[in-house]
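# Tertiary structure, described
Below, each chain spelled out in residue letters.
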Amino acid sequence: MLSRPLSKFSMWFYGAVAAVGLLTVAALTVPDMDGQTRLDLRVLLVVVWAIFVLQLIQAMVVPRAKGAEAGMPVIVIDVLAVLVPLAAFLFVSGGDQSLYCAVWLLKPLRDSIFFRLLGRVVKNEAHNLIGVTTIFGIVLFGAAVAAYVLERDVQPDQFGSIPKAMWWAVVTLSTTGYGDEIPRTIAGRVLAGLVMMSGIGIFGLWAGLLATGFYEEVRRQDFVRNWQLVAAVPLFQTLGSAALVEIVRALRPRIVPAGTIICRQGESGDQMYFIVEGRVSVATPNPVELGAGSFFGEMALITGEPRSATVSAVSEVSLLSLFSVDFQILSSSNPDIADTIRRTALERRGATPKS
Ligand code: CMP
């Protein structure tokens, strides 16, 4: 429990240190700086480097936290962050050694969940991305050839060879349009319009592929996490995988801090809750505590009456909530579970279940 905030803190700390280092590298490229300031900035770089040496030692001594992804080049990044500036200091002459500290740009990749997610998305979508990149290459080369044919006689300086025309093609296809090279012939201008429109289409395809990839990857991760949570609820443990899939899709995970009122007596209720972790208190005349594996909020769903009691979190609680509509679907496809929930509701109301 404690290691998560600690590792989060160290992630932000080392990220901030890398940012300080990189800003110092940038500052050192400013000309006309007095000698003392330059010296201070170099000392700051050494301090940053020393911190990264300590981080490298820690990474080698302390094993990676459980659950951290294997295969991430964490150590490689740490080693580069230390060795590249050291090698520059030892072997590079002139005043450019500090530029090598730009290798610290890799540091944010080290712990970032986002970059790992991006890596998985690119891997999953590699096939399609390569396809679109191939189209990009074809259009780029084709545009350069066409521009060379159409413009070489009018503007030999800009379009006198295919490599020269390639620069125009890149700038136009990416719709950047610096305006340093402009087609003069009518046909060249028509070509420019077509290339620009193709560029919009190709970049749109790239963006679409990545967006879909991200969406699917996040959904997959949510599904895996929810699956683990659902599997922890005893009521669902007897279910087959098909029914579990249905429930995983229906349940919404939620973390509630200690002291929060989850539902209030007298309010109408449109969802019930399963406790994955933590404890809640039900404010009945003789207050009851419910823990992991229990559920509550079912009475309002079954009877349609207002909440019979106020329920609050005793500790931080991990919950899975099930909305009324999904409860109806679950009841029809899994009558056993629905029966257990109904029986518990009746018991809680002090009534004897009818057989
Ligand atoms: P609901 O009435 O929807 O909202 C309050 C919830 O508290 C209720 O559903 C039950 O899930 C729960 N609850 C009410 N009375 C008891 C009880 N005696 N023991 C355990 N839980 C209860």
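Numbers given to residues run from 1 along each chain, matching the order in which its sequence is written. For this predicted model, a pLDDT threshold of at least 70 governs which residues receive local features, and a threshold of 80 or more governs which side-chain atom pairs are given and counted, while totals over whole chains, interfaces and linings are taken from all residues. Water and hydrogen atoms play no part in the side-chain values, which are based on all heavy atoms of the structure.

### Quick look at the pairing of strand β3 (residues 271–277)
Within β3, six of the seven residues are buried, which leaves the element mostly enclosed by the surrounding structure. In this scheme, strands are said to pair when DSSP sees at least two bridges between them. Secondary structure counts use DSSP, requiring at least four H or I residues in a row for a helix and at least two E residues in a row for a strand, with both numbered from the N terminus. Taken together, the two bridges between β3 and strand β6 (residues 295–296) define a ladder with antiparallel strand orientation. Within β6, the position partnered with F274 by the bridge is F295. Exposure is judged per residue with a 1.4 Å probe applied to protein chains only, and the accessible area is read against the type maximum: over 50% gives exposed, under 20% gives buried, and values in between give partly exposed.

### Brief notes about the site of the ligand
Proximity is defined per residue: if any heavy atom of the residue lies within 4 Å of a molecule or strand, that residue is considered near it. What surrounds the ligand is a group of 13 residues, the closest being G297, E298, A300, R307 and S308. Within the backbone of G297, one N or O atom sits 2.8 Å away from an oxygen atom of the ligand. Within the side chain of R348, one N or O atom sits 3.2 Å away from an oxygen atom of the ligand. Here the open area of atoms and residues is found with the Shrake-Rupley method and a 1.4 Å probe, where only the protein chains shown may cover a residue. Look at the ligand: alone it shows 450 Å² of surface, and the protein chains cover 91% of it. Per-element tally for the shell around the ligand: the top contributor is helix α11 (residues 298–303), with three residues. Ten residue types, Ala, Val, Leu, Ile, Met, Phe, Trp, Tyr, Cys and Pro, are classed as nonpolar, four, Asp, Glu, Lys and Arg, as charged, and the remainder, Gly among them, as polar. Tallied by class, residues from the shell around the ligand come to seven nonpolar, three polar and three charged. Distance and chemistry together define a polar contact, namely a pair of N or O atoms within 3.5 Å, with one atom able to donate a hydrogen and the other to accept it when in protein, and with adjacent residues in sequence counting only for side-chain atoms on both sides.

### Details of helix α5 (residues 113–124)
To estimate how far a helix should extend, the number of its residues minus one is multiplied by 1.5 Å. Spanning 12 residues, α5 covers 16 Å between terminal C-alpha atoms, matching the ideal 16 Å at 1.5 Å per step. Buried residues belonging to α5 abut α4 (107–111) and α9 (186–231). Contact criterion: two residues are considered in contact whenever any of their non-hydrogen atoms come within 4.5 Å of each other.

### Comments concerning the pattern of salt bridges
Salt bridges are identified by distance alone: a Lys or Arg side-chain nitrogen within 4 Å of an Asp or Glu carboxyl oxygen. In total, this model carries nine salt bridges according to the counting rule given. D222 is paired through a salt bridge with R225; the nearest N and O atoms lie 3.7 Å apart. With a gap of three residues between them, D222 and R225 both fall in helix α9, about one helical turn apart. Overall, R225 belongs to the partly exposed group, its relative accessible area being 42%. Where E267 meets R264, a salt bridge forms, and the shortest distance between an N and an O atom there is 3.9 Å. The class of R264 is partly exposed, set by a relative accessible area of 43%. Through salt bridges with shared partners, one network takes in D78, K107 and R110.

### Let's talk about the packing of α5 against α9
Contact geometry of α5 with α9 gives a least axis separation of 9 Å together with a crossing angle of 115 degrees. In terms of axis orientation, α5 runs roughly perpendicular to α9. By crossing handedness, the relation of α5 to α9 is classed as right-handed. Here α5 contributes F114, L117, L118, R120, V121 and N124 to the contact with α9, which in turn contributes L210, G213, F214, E217, V218, R220 and Q221. Per-class residue counts for the contact of α5 with α9 are seven nonpolar, three polar and three charged. In this description, a line fitted to the C-alpha atoms serves as the axis of each element, helices being fitted only across the stretch in contact, and the angle between N-to-C directions of two axes falls anywhere from 0 to 180 degrees. When an angle is under 35 degrees it counts as roughly parallel; over 145 it counts as roughly antiparallel; between 65 and 115 it counts as roughly perpendicular; any other value is oblique. By definition, any crossing whose near helix is turned counterclockwise from its far helix by less than a right angle is left-handed, and any crossing with a clockwise turn is right-handed.

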